[in-house]
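What the coordinates show
Given next are the chains, with one letter for each unit.
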Amino acid sequence: MLILLLLVHLLSNKADASRGLPPVLRAPDDSCDDINNCRRLFDIVWGCLTTIFACTWVSVHPNVPPPDPNPLDSFWPKLKWRIIVTTGPLWRRLKLMLIAVIAPELMVGFAARQFIAAQYFSKEFSISRTHGHFISMGGFVAGTEGHLILTKEQVREHISDIAKVQEKTIKNKSKGDALSKGVALLQGLWFVVQCLARAVQHLPVTELEIATLAFAVLSVFTWVLWWEKPLDVQDPIAIGSAEDVPEVQPPVLSWGDRFGGLLGDPYFHYTPVLSNSVPSFWSISDTDDVHGKYTAKAVLAQFIVGSVFGAIHCTAWNASFPSSEEMWMWRSCAVLVTVIPLLIILVIVVGIYGITDILDEVIMPLHLLLYIIARLFLIVLPFTTLRALPPGAFVDVDWSIYIPHL
């Protein structure tokens, strides 16, 4: 990302010189004589990147991964390395982090689906929400080599054994605790406070900081929804015994099934009783009676936070841009990202009442296409605008005015 930023910066210098941009927009030097009252371009970029990393690293909670691959070590060591890298827990987590960076609203929707599923299991069987999250993420299996316990019928069959597992035992399998989550949460809140302080003191907030602010706000939603979900669990808990169950195998899913699960569609080609792990975006079986209800609530939450994401970008409406073209691209894309999720909610509501089939065939795909294009622009523009920041962007917040003194 930093290499891409450097290339954009070098290429934009020549382009701006040929267009004759006003010199007031260009900061000839990102250094500062008064180190206590100024910041550099590196400080701006580094603060945003560290905030994004802290938010994603702690907020992303993968499901329980499949058992470790066991290739023939003596014959194919390179194949073993490739399998571990592309299917191991690190890759699964990095994959979720990448999705959380590109489309944080989708990750909020996934977290909302699992939260509602965990709450459903908690109320239905009088267990904790931590138990409910553990069921939803593929944490319980019947016997050491048995099938996953995922559906409502399976949970009812093994509920006595599930209830015997203490909540503390489940949390001990987690790689994160309240302290690590709290530190990441404070990092995100501190970034939000800095942006608010700059606005109060009438200091420019860069477009990259606005984009990071929107990302941090959506990460807070993910943290709250997954607060009771164990983090980075590598092995399931075996309970009871597996009797008369066929041999389980790793699930084989197409790319359509994988991304369909991310969008909330049920895994029609996935059979829990025959699989040794859950898909990356699994939350609850489509055969359970709660599936339609919780999906609708989660989709509604996903579109609402998507609109909030766009509204935060709209706060940079009057920000300083290197060119008028970039300014209008930012404004139009921010408005689209804010309005389209609300329009999609309206389309869904109208479609429920059976107004017309053209909603699903034309209007909905068009809205989604425009939304994706706008989101891609809002990912690129924050970095292109770094080539010509206003001088005030390098002035740091004066925290001394908030400290009582004589």
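Every chain's residues receive numbers from 1 upward, in the order its sequence appears when written. The predicted nature of this model means local features are confined to residues of pLDDT at least 70 and side-chain atom pairs, given and counted, to a pLDDT of 80 or more, with totals for whole chains, interfaces and linings taken over all residues. Side-chain measures here rest on the full set of heavy atoms in the structure, leaving out hydrogens and waters.

**Here we look at the overall build of the chain**
Our working rule: Where helices and strands are cited, they refer to DSSP runs of H or I of at least four residues and of E of at least two residues respectively, numbered from the N terminus. Categorising residues by exposure relies on relative accessible area from a 1.4 Å probe, with only protein chains included: less than 20% of the type maximum marks a residue as buried, more than 50% marks it as exposed, and the intermediate range marks it as partly exposed. In this description, contact between two residues means that some pair of their heavy atoms is separated by no more than 4.5 Å. Using the Shrake-Rupley algorithm and a 1.4 Å probe, accessible areas are obtained, with residue cover drawn only from the displayed protein chains.
For the chain, the helix and strand inventory stands at 14 helices and two strands. Looking at the chain as a whole, 46% of its 406 residues are labelled buried. Counted over contacts in the chain with a minimum sequence separation of 6, partners at least 24 positions apart contribute 79%. Approximately 21,300 Å² of the chain is accessible, and the part contributed by carbon and sulfur atoms is 67%.

**A closer look at unusual backbone geometry**
Of note, serine 126 is a non-glycine position whose phi angle comes to about 55°, a positive value. The exposure class assigned to serine 126 is exposed, which follows from its relative accessible area of 68%. Phi is positive for aspartate 232, which is not a glycine, with a value near 55°. Note that aspartate 232 resides in the loop between α10 (207-225) and β2 (237-239). Aspartate 232 gets classed as buried once you look at its relative accessible area, which sits at 15%.

**Some points on the UniProt feature "transmembrane region" (unreviewed entry) in the chain**
Quick reminder of the rule: UniProt positions are given in the numbering used here, feature names are shortened, and annotations may be inferred rather than shown by experiment.
Using the residue numbers shown here, the UniProt feature "transmembrane region" (unreviewed entry) corresponds to residues 208-226, 299-321, 333-356 and 362-381. Measuring from the first to the last C-alpha atom of residues 208-226 gives 27 Å, for a span that is 95% helix and 0% strand.

**Here's the deal with helix α2 (residues 41-59)**
What counts is decided by this rule: The span you would expect from a helix comes to 1.5 Å times its residue count less one.
With 19 residues, α2 should cover 27 Å at 1.5 Å per step; its first-to-last C-alpha distance of 27 Å lies within 8% of that length. Buried residues of α2: Ile44, Val45, Cys48, Leu49, Thr51, Ile52, Ala54, Cys55, Thr56, Val58 and Ser59, and no others.

**Considering the packing of α2 against α10**
Short version of the rule: All axes here are fitted lines through C-alpha atoms, helices being fitted over the stretch that makes contact, and every angle between N-to-C directions spans 0 to 180 degrees. The scheme is simple: roughly parallel for angles under 35 degrees, roughly antiparallel for over 145, roughly perpendicular for 65 to 115, oblique for anything else. Should the near helix be turned counterclockwise from the far one by less than a right angle, the crossing is left-handed, whereas a clockwise turn marks it as right-handed. Three residue categories are used. Nonpolar comprises Ala, Val, Leu, Ile, Met, Phe, Trp, Tyr, Cys and Pro, charged comprises Asp, Glu, Lys and Arg, and polar comprises the others, including Gly.
Relative to each other, α2 and α10 sit at 15°, their axes nearing to 10 Å. As summarised for this structure, α2 and α10 are arranged roughly parallel, according to the angle between their axes. In the packing of α2 onto α10, the handedness of the crossing is left-handed. For the pair α2 and α10, contact is made by Ile44, Val45, Cys48, Thr51, Ile52, Ala54, Cys55, Thr56, Val58 and Ser59 and by Leu208, Glu209, Thr212, Phe215, Ala216, Ser219, Thr222 and Trp223, respectively. Looking at the contact of α2 with α10 residue by residue, the class counts come to 11 nonpolar, six polar and one charged.

**Some remarks on the nonpolar core**
The condition that has to hold: Throughout, nonpolar core names a set of buried Ala, Val, Leu, Ile, Met, Phe, Trp, Tyr and Cys residues whose side chains join them through atoms within 4.5 Å.
Within the largest apolar cluster, 61 residues are counted, with the highest numbers of intra-cluster contacts made by Met107, Tyr270, Phe281 and Trp330. A total of eight residues in this core trace back to one element, the largest contributor, which is helix α13 (residues 324-352). Not counting residues up to four positions away in its chain, the partners in contact with methionine 107 are Leu96, Ile99, Ala100, Thr222 and Trp226. One finds Val64, Ile127, Val155 and Ile162 within the second-largest nonpolar core, a separate group that totals 20 residues.

**Description of the side chain of threonine 222**
Mapped onto the elements, threonine 222 comes out in helix α10. Assessed through its relative accessible area of 4%, threonine 222 is described here as buried. Beyond its immediate stretch of four places on either side in the chain, threonine 222 contacts Ser59, Met107, Val108 and Ala111.

**Focus: helix α7 (residues 152-164)**
Where we set the bar: Here the bend at a residue is taken as the angle between two axes, fitted respectively to the seven residues that end there and the seven that start there.
The first and last C-alpha atoms of α7 sit 18 Å apart over 13 residues, in line with the 18 Å expected at 1.5 Å per residue. Of all bends in α7, the biggest is about 70°, found at histidine 158. Those residues of α7 that are buried are in contact with α5 (104-125), α6 (129-136), β1 (140-142) and β2.

**Re the packing of α5 against α6**
Contact pair α5 / α6: the axes reach a minimum separation of 7 Å and the direction vectors enclose 120°. With respect to each other, α5 and α6 are oriented oblique. By crossing handedness, the relation of α5 to α6 is classed as right-handed. Between α5 and α6, the residues in contact are Gln114, Phe115, Ala117, Ala118, Gln119, Phe121 and Ser122 and Arg129, Gly132, His133, Ile135 and Ser136, respectively. Residues of the contact of α5 with α6, tallied by class, amount to five nonpolar, six polar and one charged.

**Here we look at the packing of aromatic side chains**
How we decide: Ring pairs are drawn from Phe, Tyr and Trp, using the six-membered ring of Trp, whenever the two centres fall within 6.5 Å, and their geometry is named by plane angle: stacked under 30 degrees, edge-to-face over 60, tilted for the rest.
This model, assessed by the stated rule, comprises eight aromatic pairs. For the ring pair phenylalanine 121 and phenylalanine 125, a centre distance of 6.3 Å and an interplane angle of 25° mean the geometry is stacked. Pair noted here: phenylalanine 121 and phenylalanine 125 are both in helix α5, with a separation of four residues, about one helical turn. Pair check on accessibility: phenylalanine 121 and phenylalanine 125 agree, each one buried.

**Comments concerning a nonpolar patch on the surface**
Put simply, the rule reads: Only residues whose relative accessible area exceeds 30% and that form no salt bridge are eligible for patches; like-charged ones are grouped when within 9 Å, while nonpolar side chains (Val, Leu, Ile, Met, Phe, Trp, Tyr) are grouped when within 5 Å. In the sections that follow, a salt bridge refers to a side-chain nitrogen of Lys or Arg positioned within 4 Å of a carboxyl oxygen of Asp or Glu.
Together, Leu98, Val101, Ile102, Ile372, Leu376, Ile379 and Val380 make up an exposed nonpolar region whose accessible area comes to about 590 Å². Going through the elements one at a time, α4 (89-102) and α14 (358-384) are the ones with two or more residues in the nonpolar patch. By the secondary structure assignment, isoleucine 102 is in helix α4.

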